[in-house]
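Survey of secondary and tertiary structure
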Amino acid sequence: FDARSGSHIQSFPGHRDAVTGLAFREGSHTLMSCSLDRTVKLWSLDDRAYMDTLFGHQAEILSLDVLRAERAVTGGHDRTCRVWKVAEESQLLFRSPAMSVDCVRYV
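Residues numbered from 1 in each chain as written. Predicted model: local features only at pLDDT ≥ 70, side-chain atom pairs only at ≥ 80, totals over all residues. Heavy atoms only, no water.

**What about the packing of aromatic side chains?**
Under the counting rule described, the total for this entry stands at 2 aromatic pairs. Ring centres of F12 and W43 lie 5.2 Å apart, and the angle between their planes is 55°; this geometry places the pair in the tilted category. Pair noted here: F12 is in the segment before β1 (19-24) and W43 is in strand β3 (residues 39-44), with a separation of 31 residues, a long-range link. For W43, a relative accessible area of 4% translates into the label buried. A ring pair is formed by W43 and Y50, whose centres lie 5.8 Å apart and whose planes are at 70°; its orientation type is edge-to-face. (Phe/Tyr/Trp six-rings, centres within 6.5 Å; stacked < 30°, edge-to-face > 60°. Helix = DSSP H or I, 4+ residues; strand = E, 2+ residues; numbered from the N terminus. Buried < 20%, exposed > 50% of the residue type's maximum accessible area, 1.4 Å probe, protein only.)

Right, dumping it as structure tokens:
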């Protein structure tokens with residue numbers, strides 16, 4: 001949406017369920033989104049295009065945060081927190097004793 005006029009500029013179709021989180025990679029024009037469809041998607045705002053999909057969660061993803069480096073952290077209903085190393089196409093997995101991981105944040 002355009003902040004001044006409130007008009008719609010661009011949609012990014014791709015998720016098969018509700019989007020639950022959005023985060024910009026600091027210092028870039030890369031947007032990451034997470035969804036109830038259990039995926040994280042990367043979007044280029046410069047090209048207004050889809051870039052990649054990250055798979056790994058076994059249930060809905062509830063939250064997302066991104067660092068300047070190509071790293072993201074997600075939490076979900078599968079009782080896991082995942083640190084994604086996007087460039088290396090790998091992830092670190094942390095299991096929680098809680099019913100779900102509702103909120104994550106890099107500090």
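**Quick word on the sheet that holds strand β7 (residues 80-85)**
A sheet is described by the order of its strands in space; here 4 strands give the open sequence β5-β6-β7-β8, paired in antiparallel fashion. Each edge of the sheet is formed by a strand with only one pairing partner; in this case those strands are β5 (61-66) and β8 (90-95). For this sheet, the mean inter-axis angle between neighbouring strands, taken without regard to orientation, is 20°. Pairing of strand β6 (residues 71-76) with β7, which is carried by 5 bridges, proceeds in the antiparallel orientation. Along β7, the bridge assignment pairs R71 with K85. (Pairing = 2+ DSSP bridges. Axes fitted to C-alpha atoms, helices over the stretch in contact; angles between N-to-C directions.)

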